[in-house]
Amino acid sequence: MTAYAIETNLLDPDIFPQAKGPPHSLFAQWRDKDPVHWNPVNPNYAADVPFASIRKGFWVLTRYADVSEVSRDQKRFSSYDEGFVIWDMDDEELVRQRANFMGMQPEAHMAVRRVLNGPFAPNAMRALTPKIDGLAAEIIDSVAAKGKCEFVFDVASKLPVYTFCELMGIPESYRDAVVEYGNALADVETRTARTVDPIVPLFAICEEICAQKRANPDDSLISTLVHDTTLGLEQLHINMFFMVFAIAGHETTRSTAAHFIYLMNQFPDQFALLRSDVDKHLDNAIEEVLRYTSTTTNFRRTATCDTEIGGFKVKKGDKIYLSYAAANRDPAVFENPDAFDITRANANRHLSFGVGPHLCLGARLARLELHALLRQIVTRIPDIHLAGEPEWLRSIWFNAIVRMPVVFTPE
Ligand code: HEM
């Protein structure tokens, strides 16, 4: 493992690529000696990523119990006051972030969540299963005979986007554009390289689809939002939903699938065990990959009052970094936490989907997609292996593989 100085700054976007994931040895030191750790602003980050400003230092929580406590307590720790991501916003950006229900006041958030729970409930997911299984098969059909592909974009990225289109009621003719702009949007921190902000065409697509649903209602999620008068949603709110689902549902699921294949190659004994009985091991293997990798490594809260976290004092207005990656390796909860074990009995206690009122709305859907796609892979191209070193995203937020060539015996 990489040896880190304890003063290493989490605002160094090279940490994840260098460590091939979150800096777990650093988190272990902090959890042990400094569990509510002060991470100052990094002036180099501002120079390096000029469009995404971080003006305030923050407390980093590395213990499972502390991350859970803060996530569950919306009264003391707000997603609304200064947003829920680690970047600091100006007033205009904050207005946009609050139009997204993740950043609304608790009562407004709950009201929207009640409407959205339906389309993500277990029975809705069951109804969607055959469709997702079909889409997963279609994606593997497109590569199976070739014997090689670039896994992240040829395979992993497609299912979340196709599913997103299905859920939102987006006609197939828009799929390619949604794939293109969705991928661009997921590259949150490297977006400056593009001339067109992908938010602009995505909002335009959303507005076109809303107009279609106003004229011809159906049972899609967009149609539900357009026609629900109780919520008083304006077009900006619906555009923000569209964008949140495009990001939240996409990069995260894509990266988990890529990590899954990467880890099965790193731990061939675990891959052999999985292949020996896919039906028995697949779901728990997915939970263990979610725990081990924590693709979304952190979210943020702001203290609404002077208070304590795990016995440490924090002040009103202080910024808090919830490290899901560190919580998922806390030995107080996970025995031998750095071991990758697809039979781990409590793998599904991971915090990769968050916890509390903002618990990931798409967790069931993500599990369904991952199951469908990985089942296709493990049963149809079971000798899949890496054909080169994967490339990691340069990010302070996502633990993501962005390029991973693979080879396998053609079907
Ligand atoms: C492996 C895949 C995924 C991971 C690791 C993940 C991770 C997370 C995390 C950590 C949160 C908590 C945010 C917070 O506490 O502030 C969250 C919330 C959310 N996720 Fe996911 N997510 C995944 C897939 C999805 C999918 C497929 C969708 C939708 C299609 C989705 C939609 C959402 C939404 C809407 C929220 C906000 C919930 C709320 O504020 O009430 N996610 N996700």
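None of these values were measured; they are calculated from a predicted model. (Residues numbered from 1 in each chain as written. Predicted model: local features only at pLDDT ≥ 70, side-chain atom pairs only at ≥ 80, totals over all residues.)

### Here's the deal with the overall build of the protein
Helix and strand counts for the protein stand at 18 helices and 12 strands. Relative to a compact globule of 411 residues, whose C-alpha radius of gyration would be 22 Å, the protein shows 21 Å and is just as compact. For the protein, the spread of C-alpha atoms along the three principal axes comes to 60 × 55 × 40 Å. Of all 411 residues assigned to the protein, the portion counted as buried reaches 42%. Pairs at least 24 residues apart make up 72% of the contacts formed inside the protein by residues separated by at least 6 positions. (Helix = DSSP H or I, 4+ residues; strand = E, 2+ residues; numbered from the N terminus. Rg over C-alpha atoms; globule rule 2.2 N^0.38 Å. Buried ≥ 20, exposed ≤ 12 C-beta atoms within 10 Å, placed from the backbone. Contact = placed C-beta atoms within 7 Å.)

### Quick notes on the sheet that holds strand β1 (residues 36-39)
The sheet built from five strands is open, its strands ordered β1-β2-β8-β5-β3 with mixed pairing. The outermost strands of the open sheet, each flanked by one partner alone, are β1 and β3 (77-78). Inspection of the sheet shows strand β2 (residues 58-61) paired to strand β8 (residues 319-323) by three bridges, in the parallel sense. Residue L61 lies in a different strand from β8, and its bridge partner there is L322. Sitting on the sheet, helix α4 (residues 64-72) is in contact with β1, β2, β3, β5 (298-303) and β8, with an inclination near 125° to β8. (Pairing = 2+ DSSP bridges. Axes fitted to C-alpha atoms, helices over the stretch in contact; angles between N-to-C directions.)

### Looking at the packing of helix α14 (residues 251-266) against helix α16 (residues 278-293)
Working note: a packed helix pair is described by the angle between its axes plus the distance between those axes. Viewed as axis vectors pointing N to C, α14 and α16 meet at an angle of 100°, and their least axial separation amounts to 10 Å. Put simply, α14 runs roughly perpendicular to α16. Packed against α14, whose contacting residues are T256, H259, F260 and L263, the element α16 presents V289, L290, Y292 and T293 at the interface. (Parallel < 35°, antiparallel > 145°, perpendicular 65-115°, else oblique.)

### Examining the site of the ligand
The local shell around the ligand holds 25 residues, among which G249, T252, G354, C360 and G362 are the closest. Only α13 (235-248), α14 and α18 (363-380) provide two or more residues apiece to the shell around the ligand. For the shell around the ligand, the residue count by class is 12 nonpolar, 12 polar and one charged. (Near = placed C-beta within 6 Å. Nonpolar A, V, L, I, M, F, W, Y, C, P; charged D, E, K, R; others polar.)

### Comments concerning α18
Its 18 residues place the ends of α18 26 Å apart at the C-alpha level, agreeing with the 26 Å of an ideal helix rising 1.5 Å per residue. Inspection of α18 places L365, A366, L368, E369, L370, A372, L373, L374, Q376, I377 and V378 among the buried residues, and these make up the whole buried set. (Expected span 1.5 Å × (residues − 1).)

### Side note on unusual backbone geometry
Most peptide bonds are trans, and most residues other than glycine sit at a negative phi. Even without being glycine, K20 reaches a positive phi, approximately 50°. Here K20 is to be found in the loop between α1 (15-19) and α2 (24-33). Even without a glycine there, the phi angle at N336 is positive, about 45°. The residue N336 is located in the loop between α17 (324-327) and α18 in this model.

### Details of the sheet that holds strand β9 (residues 385-386)
Spatial ordering of the open sheet is given by β4-β12-β9, a layout of three strands whose pairing is antiparallel. Every interior strand has two partners, whereas the edge strands, β4 (148-150) and β9, have only one.

### Observations regarding α13
With 14 residues, α13 extends 20 Å from end C-alpha to end C-alpha; this agrees with the ideal 20 Å at 1.5 Å per step. When α13 is considered as a whole, its buried residues turn out to be I238, N239, M240, F241, F242, M243, F245, A246 and A248.

### A few points about the packing of helix α7 (residues 122-144) against helix α9 (residues 158-168)
Here α7 crosses α9 at 140°, and the two axes come no closer than 10 Å. Taken as axis vectors, α7 and α9 run oblique relative to one another. Seen along the crossing, α7 lies across α9 with a hand that is right-handed. In this structure, α7 contributes K131, I132, L135, A136 and I139 to the contact, and α9 contributes K158, L159, Y162, T163 and E166. Here the contact of α7 with α9 is built from residues that sort into six nonpolar, one polar and three charged. (Left-handed = near helix turned anticlockwise from the far one by under 90°.)

### Points about the pairing of β2
By the alternation rule, side chains of β2 split into F58 and V60 and W59 and L61, which are all buried. Sheet topology places β1 next to β2; four bridges connect them, and they run antiparallel. Looking at β2, one finds that N39 is bridged to F58.

### Focus on the environment of F312
Considering the arrangement of structural elements, one finds F312 in strand β7 (residues 312-314). Given 14 C-beta atoms within 10 Å, F312 falls into the partly exposed group.

### A short note on the nonpolar core
In terms of nonpolar packing, the biggest core is built from 105 residues, with L61, F151, A258, I261 and I320 touching the most fellow members. Here the element with the most residues in this core is α18; it accounts for nine residues. Apart from the residues within four sequence positions on either side, L61 is in contact with V36, D66, V67, V70, I309, I320, Y321, L322 and S323. (Core = buried A, V, L, I, M, F, W, Y, C linked by C-beta atoms within 7 Å.)

### Observations regarding the environment of F353
Of note, F353 is situated in the loop between α17 and α18. Here the alpha-carbon distance between F353 and A366, two residues 13 residues apart in the chain, equals 9.9 Å. If we ignore the near neighbours within four places in the chain, the residues touching F353 are L359, C360 and A363.

### Quick look at the environment of P23
Structurally, the position occupied by P23 is in the loop between α1 and α2. A sequence separation of 13 residues divides P23 from L10, and the C-alpha atoms of the two residues are 8.9 Å apart.

### Quick word on the pairing of β5
In terms of burial, β5 is a largely internal element, five of the six residues being buried. Here two bridges tie β3 to β5, and the two strands are oriented antiparallel to one another. Within β5, the residue paired with S78 across the bridge is T302. Direction of pairing for β5 relative to β8: antiparallel, over a ladder of five bridges. Bridge pairing in β8 links F299 to L322.

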